[in-house]
Amino acid sequence: MSRNIEGSRIDQVLQGAVDAGAVPHVAAIAADADGVFYEGAAGVRLDDAGAKPVSTSTHFRIMSMTKMVATVAALQQVERGELDLSAPVERYVPDFAELQVLDGFDGDTPRLRAPRSKATVKQLITHTSGLTYWFWNEDLVKYEQVTGIPNVVPGDMAAFKAPLVADPGTKFEYGINTDWLGRVVEAVAGSTLDVVIKENITGPLGMDDTMFALDEARQANKTPVHVKGEDGKWISAGNVLPDDPQWWAGGHGLHSTPRDYIRFERALLRGGELDGVRILSRETVDAAFTDQLDGAPMPTEIRTADAPITDTLKLGEGWAWGYGLLINTQDVPGARRAGTGAWAGLFNTHFFIDRTTGICASIYTNSLPFITEHEAWKLYGDFEAALYASL
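A brief report on the enclosed structure follows.

Rules behind the numbers
- Residues numbered from 1 in each chain as written.
- Predicted model: local features only at pLDDT ≥ 70, side-chain atom pairs only at ≥ 80, totals over all residues.
- Heavy atoms only, no water.
- Helix = DSSP H or I, 4+ residues; strand = E, 2+ residues; numbered from the N terminus.
- Polar contact = N/O pair within 3.5 Å; in protein donor to acceptor, adjacent residues only side chain to side chain.
- Pairing = 2+ DSSP bridges.
- Axes fitted to C-alpha atoms, helices over the stretch in contact; angles between N-to-C directions.
- Expected span 1.5 Å × (residues − 1).
- Contact = heavy atoms within 4.5 Å.
- Buried < 20%, exposed > 50% of the residue type's maximum accessible area, 1.4 Å probe, protein only.
- Arc of directions from axis to C-beta.

**Considerations on the side chain of Arg336**
- As for its placement among the helices and strands, Arg336 is situated in the loop between strand E15 (326-328) and strand E16 (341-345).
- Of note is the side chain of Arg336, whose polar atom sits 2.9 Å from the side chain of Glu384.

**Regarding the sheet that holds strand E17 (residues 349-354)**
- Pairing is antiparallel in the open sheet, where eight strands are placed in the order E3-E2-E1-E18-E17-E16-E15-E14. What marks the edges here is a single partner per strand, and that holds for strand E3 (50-53) and strand E14 (319-321). Strand-to-strand, the axes of this sheet are offset by a mean angle of 15°, without reference to chain direction.
- Alignment of E16 against E17, held across five bridges, turns out to be antiparallel. Note that in E17 the partner of Ala344 across the bridge is His350.

**A short note on helix H11 (residues 376-390)**
- The terminal C-alpha atoms of H11, which comprises 15 residues, lie 21 Å apart, in line with the 21 Å expected from a rise of 1.5 Å per residue.
- Buried residues along H11 sit against helix H1 (8-19), strand E1 (25-32), strand E2 (35-47), E17 and strand E18 (359-364).

**Notes on helix H5 (residues 138-147)**
- Considered for burial, the residues of H5 that qualify are Leu140, Val141, Tyr143 and Glu144. The buried residues of H5 all sit within an arc of 165° when viewed along its axis, so they share a single face. Exposed residues on H5 whose side chains face more than 90 degrees from its buried face are Glu138 and Gln145.
- Near the N-terminus of H5, the side chain that reaches the backbone nitrogen of Asp139, with its oxygen 3.1 Å away, is that of Asn137.
- Where H5 terminates, the next one or two residues include Gly148, which has phi positive at roughly 80°.

Dropping the structure here:
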């Protein structure tokens, strides 16, 4: 039997954040190995049809929460002996060999050089390949401006021409690694990423509302991204990302609902199995929740290079990266235990899986900027604290 908790404290946190204008809306859900034991929501989504309440059945763009799903697809291929994590990326996707390292600029001319080693598939999974995102790297912002190469948002294949900003294996640099990993998965499978994920993860787990391209009914159930207008009130910014990109983004492409994604979280919480369906071996799941950085330092802070998109990520000490998961190496007082795996999506969705306590949870809004310190980021912490206080 799943545990019963007093959810009113959590409800108050959600409603309070909406009332204070910290977020336009929020839905949250928590579960253990046996099932969901909390779900709640507050606020509305604004679209062409007006204001509609959100719920744990609303569709959200989960952005980088896609990364763990794509990572599991790659790990499944490893288990089947089809994919070698230690192999260079270019073995599977030859055009990766064309990438160079951006070493700065001479005026507006990029200085590029060959990387000192070949990036491996594992380094894609651990964000140590040297690739980055523009919103956390000023050099890439300038590179895209002077070359016209797009970032990943428009869904143009030209985004894969973006250079490395560090030599492989030397540092954690969060970026488009999992988009490249998706291409590796496709090359190994001989199929597109949407099909691979449907056949091997979301289909077997009964996650029928998790997909890259939504049908008409699900589109009507989807919240747009919200931003604050000049008057400080939340307004719709629309879809932001295209629904028909040139490639399915392993780094950010999925839509899901809180009720759907919690099934994926529960499968990992249970060691790779849910309702008699196994998506990964227990040993592989254990490895995913273990530091896999191979000595590359984990940053304590990642400064914003695009303030309308994201705030600065202030992690502090005591964090590592596993396979697709941020791992805390120390207990957080009144919250997650050491060894918890977590990550988030750019439009302010977050999840964590605490295998020691035996719970998993996620919280969703679709808004920008990401992790605004006194708004969405604070709500995430307040939700987690209220959840653990209720256990």
